[in-house]
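The residues making up each chain are set out below.
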Amino acid sequence: MQIPVTHVGSLIRPPALQQFIRARQRREPYDEAAYQKCLAESVCGIVEKQIEVGVDIPSDGEFGKSISWSQYALERLSGFERRTAPAGANPFARGADRARFPEFYAEMDAAEGAPATAASAGAPLAVCVGPIRYTGQAEIERDIANFRAALKAAGARQGFLPVAAPASVIPDRKNEHYQSDEECLHAIAQAMRIEYRAIIDAGLYLQLDDARFAVTYDRMVPPASLADYRRWVELHVEVLNAALDGIPEERVRYHVCWGSWPGPHTTDVPLRDVVDLILRVKAGAYLIEGANPRHEHEWRVWENVRLPKGRKLVPGVISHATNIVEHPELVAERLARYAGVVGAENLMAGTDCGFAQGPFHRRVHPSIMWAKLDALVAGARLASAQLF
């Protein structure tokens, strides 16, 4: 037996594809047929490379998304209007961690640009001004077709498409249409269900990315309490499960992380305070950040928490946020710890988060990304040899 190897999904885009995406974002003229050809070829290339490295369950790299992993929904949902946020009012530039380390974040923002690259699309503020309907059928059908063709060409038996969970769809959105934010959330979930269902109907694994699940704690507490935050999460888990109604749990992957930014993260919510809520999501696999120094110790949470029967834990054993490449023996050690508490047969090897948070926003150099995936595969093989 071998511990299967996968990752969170988003991979660094090739320069040729970035040229087209940049033109699309800037509303500049470009050759649509050439873009579609480049996109299909780029997906084929990234899938082939993943299989070559030894990844068992690859993704399409999220190459079909022209904005970020969460803001892409602006191009697939009706009812939203893009506006430029007032000066100094970027909704992404807040949180307890930023309040504690303002000088650090000022320096980081100056070096990397403003947080959250909806800004790169020219409008960091999205406002709901009308009924929300799913309008991205052509885009998701294209992404599915490109991915299935790439999987077939690479000889891969299975793959996953990552998309945003309702809580993470267009985060920090404003509502001017529905009577309440909760009503707006339900509308988003029902619209996104069309995308979820299309992925499942295509025979692919559906991955729901939900960084906002954990990040919201940093935004809420203080002044809100942990109890207030848990009520917020409970609502969003309930809405997500409703959107998954009728979808086989074993075909669903659920990813939670504490945000991908390279900050101190001293105000992250502890896993022990939310793990029960994560496990309420009707998914067959849970991909949870676990390699960064703020959360690596939390493998011990599973000493006291029972992983439901038939479900898989996919801990991050490789970090996306540092250029230091993990040694395969460290990866094996991390996997062995988890195996000791949940069982090796219930494990898959994964990464903390995606290697690119958008088409132009990456945490490591492409060569480092592939070195890390090499280390992930080698570490999983070492652990498998020890555990099986």
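Our subject is the structure listed above.
All of these numbers come straight from a predicted model, not from anything done at the bench.

### Some words on the pattern of salt bridges
And step 1. This structure, assessed with the given rule, holds 22 salt bridges.
And step 2. Residue Glu62 pairs with Lys65 through a salt bridge whose shortest N-O separation is 2.8 Å.
And step 3. We classify Lys65 as buried; its relative accessible area is 5%.
And step 4. A salt bridge links Asp276 to Arg230; the shortest N-O distance between them is 2.8 Å. Of this pair, Asp276 sits in helix H9 (residues 275–278) while Arg230 sits in helix H8 (residues 226–243), placing them 46 residues apart in sequence.
And step 5. Counted as one network, the salt bridges with shared partners bring together Arg76, Arg142, Asp143 and Glu195.

### What about the sheet that holds strand S4 (residues 174–175)?
And step 1. Taken in spatial order, the three strands make up an open sheet running S1-S2-S4, and their pairing is mixed. The sheet is open, and its two borders are formed by strand S1 (80–83) and S4, each paired with just one other strand.
And step 2. As paired strands, strand S2 (residues 125–128) and S4 are joined by two bridges and run parallel to one another. What sits directly across from Val127, in S4, is Lys174.

### Here we look at the packing of aromatic side chains
And step 1. What the rule picks out here adds up to five aromatic pairs.
And step 2. Ring geometry for Tyr30 and Tyr35: centres 6.0 Å apart, planes at 85 degrees, overall edge-to-face.
And step 3. Centroid distance Phe104 to Tyr105: 5.0 Å. Interplanar angle 75 degrees. Geometry classified as edge-to-face.
And step 4. Within the aromatic cluster, the residues linked to one another by ring pairs are Phe20, Tyr30 and Tyr35.
And step 5. Above the face of the Tyr205 ring, Arg251 is positioned so that its terminal group lies 3.9 Å from the ring centre.
And step 6. The residue whose ring lies beneath Arg253 is Phe160, and the NZ or CZ to ring-centre distance is 3.7 Å.

### As for the packing of helix H7 (residues 212–220) against H8
And step 1. With their axes 10 Å apart at the nearest point, H7 and H8 run at an angle of 150 degrees to one another. When the axis of H7 is compared with that of H8, the two are roughly antiparallel. Here the hand of the crossing between H7 and H8 comes out right-handed. On the side of H7, the interface is formed by Arg212, Phe213, Ala214, Thr216, Tyr217 and Met220, while H8 contributes Leu226, Asp228, Tyr229, Trp232, Val233 and Val237.
And step 2. Within the contact of H7 with H8, the residues separate by chemical class into nine nonpolar, one polar and two charged.

What counts and how
Residues numbered from 1 in each chain as written. Predicted model: local features only at pLDDT ≥ 70, side-chain atom pairs only at ≥ 80, totals over all residues. Heavy atoms only, no water. Salt bridge = Lys/Arg side-chain N within 4 Å of Asp/Glu carboxyl O. Buried < 20%, exposed > 50% of the residue type's maximum accessible area, 1.4 Å probe, protein only. Helix = DSSP H or I, 4+ residues; strand = E, 2+ residues; numbered from the N terminus. Pairing = 2+ DSSP bridges. Phe/Tyr/Trp six-rings, centres within 6.5 Å; stacked < 30°, edge-to-face > 60°. Lys NZ or Arg CZ within 6 Å of the ring centre and 35° of its normal. Axes fitted to C-alpha atoms, helices over the stretch in contact; angles between N-to-C directions. Parallel < 35°, antiparallel > 145°, perpendicular 65-115°, else oblique. Left-handed = near helix turned anticlockwise from the far one by under 90°. Contact = heavy atoms within 4.5 Å. Nonpolar A, V, L, I, M, F, W, Y, C, P; charged D, E, K, R; others polar.

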